[in-house]
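Understanding the architecture of this molecule
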Amino acid sequence: MATNPGLFTEWPWKKLGNFKYLILAPWVAHGGYLAATKGWREVDLGYLLIFPSLLLRMIHNQVWITISRVQNARSRRQIVDRGIEFEQVDRERNWDDQILLSGILLYLGALYLPGGQHVPLWDTKGFLLIALLHAGPVEFLYYWFHRALHHHFLYTRYHSHHHASIVTEPITSVIHPFAELVAYELLFSIPMITCALSGSASILAFEIYVLYIDFMNNMGHCNFELVPNWLFKWFPPLKYLMYTPSFHSLHHTQFRTNYSLFMPFYDYIYNTMDKSSDTLYEKSLKGKEETVDVVHLTHLTSLQSIYHMRPGFAEYASKPYTSKWYMRMMWPVSWLSMFLTWTYGSLFTVERNIMKKLKMQSWAIPRYSFHYGLTWEKEAINNLIEKAICEAEKKGAKVVSLGLLNQAHNLNGNGELYLQKFPKLGVRLVDGTSLAAAVVVNSIPQGTDQVILAGNISKVARAVAVALCKKNVKVVMTNKQDYHFLKPNMPEDTAENFLFSKTATAKVWLIGEGLDASEQFKAQKGTKFIPYSQFPPRMVRKDSCTYSTTPAMAVPKALQNVHSCENWLPRRVMSAWRIAGMVHALEGWNEHECGDIVLDMEKVWSAALLHGFRPVAQV
């Protein structure tokens, strides 16, 4: 919102939510009716193509969002080196409102504007007329309108909403109050209306012009420099006809310079060009390979998780992951993306964070959860993880934390495989067992004297069982085979607290993977279920039972550039396995935590709290 919202700042269809797309339904249905009754030869082709062109624009914008987020996560040629928070993502969520407004105006023009009906596919004169009118009246009027928007009266009521984003993303370009965006639409419609009235309108000319506007808008707000220097050397006047991302970025950081739309010509004429424009361009173009202190290795989970990752759909990435029924309709795209990811076969950076001068990145292994259960994929996955560890060490990383199934015992022995292969490894490998176990132990309600341990036995489960028995909390197992497997790991002085019983009645259950629904329903009503695995239970009871999150902690404000959720966890909550790597680096510990090694849980827990990480229940 603007700092002091003026008239018509709210979008008229805001209360409709996702049903706002129904606004276009009458025109789309009308076009389908005309095509069915009149036939394709007699129907107005331009009218029918409006809706597909709107879909094309949405895809175009999404491509820019993805490329921008991937590029900025890698930190190459980044212009403004600051983070984005959830507040900005929420403010920019409805970037498609501008496309809906354009669609309404195009439909009205195709129906009622003289010369807007049955336009040809191409008209060279119309295309040239659009180019001239844009370079002249549109750019000129926009420049002065933009300067007016920076006057205190209009800025506080309208334009401040757009400038709330200091670090821009491509779709920041269309985040404006309703009244302001209507003014922009009318301004951009000048060339198209003139063409229609003069009888030189054409479908492709209109489409090219709209895509040009979208392309330049997205490019100018992408926050990384991509315009090559040789373009300006080859044609020097181009610097007056085309801006660069760094040129417009200065407008968002300095506010009173670089007002031009896409052509800096008017900033040169009226002496409003920022003097550091050329310097920033050269600096951003050179780029830099940012060093990294901590690398967290993750991977894709379900087929739909590709949309949930930060480079995917911002709306889904900013919320805890849940499987949406309507996303299942995109299964062809999901399977195609899985195939392309698998074929690509290289690590990709999905997130970059900073905390107390500690630089962190999250790298994704290009595999999905189900790949980790395939025997024939085991060697390939281990090779990818090994490659990531070697790359992290090459970049000077202090710690590599293994997330999700990248530390599976049946895959690499909780990371032990890599220490055996590289005994002189400089980077520390952390599987996060100590902190994950500490989170589970500290999630148990005070006064609890008995818990049930159920599900597949993991390294975390063993650590939790040992810690609880030492605290005189009885740990009961209902699976006899798992009980005998875990019994030898228990210290002799606490063995009496480790029990087997088929009729246990504890009100706290510690659950891992492999626990089926029938086992969960053996628990009493009101039972508290606390997961100790990386993945949440597939089924939850709907009665009075409660479920904690998978081992995780809330992150402090000092951790910057957090604007996506880690898998199914709430906002600004991260898995204990990921946080363990951060704490390891912040404390400067030199030991590994992988294989059978478990660090001192109390020490790790205290260090996490000292650095501002908090239990989720205390947030």
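Within any chain, residue numbers begin from 1 and follow the written order of that chain's sequence. Side-chain atom pairs in this predicted model are given and counted only at pLDDT of 80 or more, local residue features only at pLDDT of at least 70, and totals for whole chains, interfaces and linings cover all residues. Derived side-chain values reflect all non-hydrogen atoms in the structure, with water molecules and hydrogen atoms excluded from consideration.

Before going further, it helps to spend a moment on the overall build of the protein chain. In this description a helix means any DSSP run of H or I spanning at least four residues, a strand means any run of E spanning at least two, and both kinds are numbered starting from the N terminus. Summing up its helical and strand segments, the protein chain has 26 helices and 14 strands in all. If one aligns the C-alpha atoms of the protein chain with their principal axes, the spans along those axes are about 95 × 60 × 50 Å. Burial classification: accessible surface area is computed with a 1.4 Å probe over protein chains only, and a residue below 20% of its type maximum counts as buried, one above 50% as exposed, and the rest as partly exposed. Residues classed as buried in the protein chain amount to 54% of the 619 residues present. Only heavy atoms enter the contact rule, under which two residues are in contact if any of them lie within 4.5 Å. For the protein chain, restricting intrachain contacts to residue pairs at least 6 apart in sequence, the fraction spanning at least 24 positions comes to 70%. In the protein chain, which carries 61 positive and 50 negative side-chain charges, the distance between the mean positions of the two groups comes to 2 Å. Counting rule for charge: Lys and Arg are taken as positive, Asp and Glu as negative, and neither His nor the chain ends is counted. A charge is said to be at NZ when it belongs to Lys, at CZ for Arg, at CG for Asp and at CD for Glu.

Next up on the list: the nonpolar core. Side-chain atoms within 4.5 Å link the members of a nonpolar core, which is a set of buried Ala, Val, Leu, Ile, Met, Phe, Trp, Tyr and Cys residues. Ranked by internal contacts, the top residues of the largest apolar core, which has 59 residues, are L435, L453, L468, L510 and F613. Ignoring any residue separated from it by four or fewer positions in sequence, one finds L510 in contact with V440, I444, V451, I452, L453, A454, V464, L468, I530 and Y532. Counting residues in hydrophobic clusters, the runner-up holds 57 residues, among them L24, Y47, W95 and Y107.

By the secondary structure assignment, N567 is in the loop between β12 (552-554) and β13 (573-575). Other than its neighbours up to four places away in sequence, N567 contacts T301, H308, K319, P320, Y321 and L404.

We now examine the sheet that holds β13. Only when DSSP finds a minimum of two bridges between them are two strands counted as paired. Strand order in the open sheet formed by three strands is β13-β12-β14, with antiparallel pairing between adjacent strands. Where the open sheet ends on each side, the last strands, each with one partner, are β13 and β14 (614-615). Only the stretch in contact is used when a helix axis is fitted, and all axes are lines through C-alpha atoms; the angle between N-to-C directions ranges over 0 to 180 degrees. Across the sheet, helix α25 (residues 576-587) is in contact with β12 and β13; its angle to β13 comes to roughly 90°.

UniProt positions are given in the numbering used here, feature names are shortened, and annotations may be inferred rather than shown by experiment. Using the residue numbers shown here, the UniProt feature "domain: Fatty acid hydroxylase" (unreviewed entry) corresponds to residues 136-272. Taken end to end, residues 136-272 has its terminal C-alpha atoms 18 Å apart, with 66% of it in helix and 0% in strand.

The UniProt record marks residues 451-615 with the feature "domain: Very-long-chain aldehyde decarbonylase CER1-like C-terminal" (unreviewed entry), using the residue numbering of this structure. Structurally, residues 451-615 comprises 27% helix and 18% strand, and the distance from its first C-alpha atom to its last is 20 Å.

Consecutive side chains of a regular strand alternate in pointing toward one face of the sheet and then the other. A two-sided burial pattern is seen for strand β9 (residues 508-511), the buried positions comprising V508 and L510 on one face and W509 and I511 on the other. As defined by bridge partners, strand β6 (residues 450-454) adjoins β9 across three bridges and the pair is classed as parallel. Following the sheet pairing, L453 is matched in β9 by L510.

The subject of this paragraph is the sheet that holds strand β1 (residues 294-299). The strand order across the open sheet built from five strands is β2-β3-β1-β4-β5, with neighbouring strands paired in mixed fashion. Among the strands making up the open sheet, the edge pair consists of β2 (348-355) and β5 (428-430). When the angles between neighbouring strand axes are averaged without regard to direction, this sheet yields 20°. Bridge analysis of β2 against strand β3 (residues 358-365) gives seven bridges, and the strand direction is antiparallel. Paired with I354 across the two strands is K359, which belongs to β3.

All right, on to the pattern of salt bridges then. Throughout this description, the term salt bridge denotes a Lys or Arg side-chain nitrogen within 4 Å of a carboxyl oxygen of Asp or Glu. Per the stated rule, a full pass over the model turns up 21 salt bridges. Note that R352 is salt-bridged to D81, the shortest N-O span being 3.3 Å. In this pair, R352 is assigned in strand β2 and D81 in the loop between α3 (50-74) and α4 (86-91), connecting sequence segments 271 residues apart. We classify D81 as partly exposed; its relative accessible area is 38%. When salt bridges with common partners are traced through the structure, they connect R310, E351, E566 and R578 into a single cluster.

Here the focus is the packing of aromatic side chains. Think of it this way: a Phe, Tyr or Trp ring, Trp meaning its six-membered ring, pairs with another when their centres are within 6.5 Å, and the plane angle makes it stacked under 30 degrees, edge-to-face over 60, tilted otherwise. Enumeration over the complete set of coordinates arrives at 28 aromatic pairs. Their ring planes at 90° and their centres at 6.2 Å tell us that Y143 and Y259 sit as a pair that is edge-to-face. Within this pair, whereas Y143 is found in helix α6 (residues 124-149), its partner Y259 is found in the loop between α12 (245-254) and α13 (265-269), the two being separated by 116 residues in sequence. Taken together, the ring pairs connect F140, Y143, W144, Y259, F265, Y266 and Y270 into an aromatic cluster. Of note, R157 hangs over the ring of F153, and the distance from its end group to the ring centre comes to 3.9 Å. Counted as over-ring charges are cases with an Arg CZ or a Lys NZ within 6 Å of the ring centre that also lie within 35 degrees of the ring normal.

This part covers the environment of L599. As for its placement among the helices and strands, L599 is situated in the loop between α25 and α26 (601-610). Take L599: its relative accessible area is 12%, and that puts it in the buried class. Placed 537 residues apart in sequence, L599 and Q62 show a C-alpha to C-alpha distance of 44 Å. Aside from chain neighbours lying at most four places away, what touches L599 is S434, H584, W589, E591, H592, E593 and V604.

Moving on, we come to a nonpolar patch on the surface. A patch consists of residues whose relative accessible area exceeds 30% and which take part in no salt bridge; residues with like charges are grouped when within 9 Å of each other, and nonpolar side chains (Val, Leu, Ile, Met, Phe, Trp, Tyr) when within 5 Å. What sets the accessible areas is the Shrake-Rupley method with a 1.4 Å probe; for residues, cover comes only from the shown protein chains. A cluster of nonpolar side chains, F140, L141, W144, W230, W234, F235, Y240, L241, F265, I269 and Y270, forms an exposed patch at the surface whose accessible area comes to about 1,100 Å². For the nonpolar patch, the secondary structure elements donating two or more residues are α6, α10 (229-234), α11 (238-241) and α13. Of the residues forming the nonpolar patch, the biggest block, three residues, is contributed by α6. Relative to the helices and strands, Y240 resides in helix α11.

Next up on the list: empty space enclosed by the protein. Detection works on a 1 Å grid of protein atoms alone, calling trapped sets that fit a 1.4 Å probe cavities and calling open sets with protein on both sides within 12 Å along at least five of seven lines pockets, with lining residues defined by an atom within 4 Å of a point. Grid points are joined across faces, edges and corners, and a volume is the space filled by probe spheres set on the points. For the coordinates displayed, the defined rule picks out six cavities of 30 Å³ or more. Here the largest cavity defines a volume of roughly 340 Å³. Lining of the largest cavity is provided by 25 residues; of these, T298, C565, E566, N567 and R578 occupy positions nearest its centre. Here the element with the most residues in the lining of the largest cavity is β1; it accounts for three residues. Looking at the lining of the largest cavity, its residues break down into eight nonpolar, 13 polar and four charged. Approximately 160 Å³ is the volume attributed to the second largest cavity. Considering the residues around the second largest cavity, the lining is formed by 16 residues, among which N72, I84, E169, N561 and H563 are closest to the centre. By residue number, the principal contributor to the lining of the second largest cavity is α3, which donates four residues. In the scheme used here, Gly and all other residues not listed as nonpolar or charged are polar, with Ala, Val, Leu, Ile, Met, Phe, Trp, Tyr, Cys and Pro taken as nonpolar and Asp, Glu, Lys and Arg as charged. Residue composition of the lining of the second largest cavity, grouped by class: three nonpolar, eight polar and five charged.

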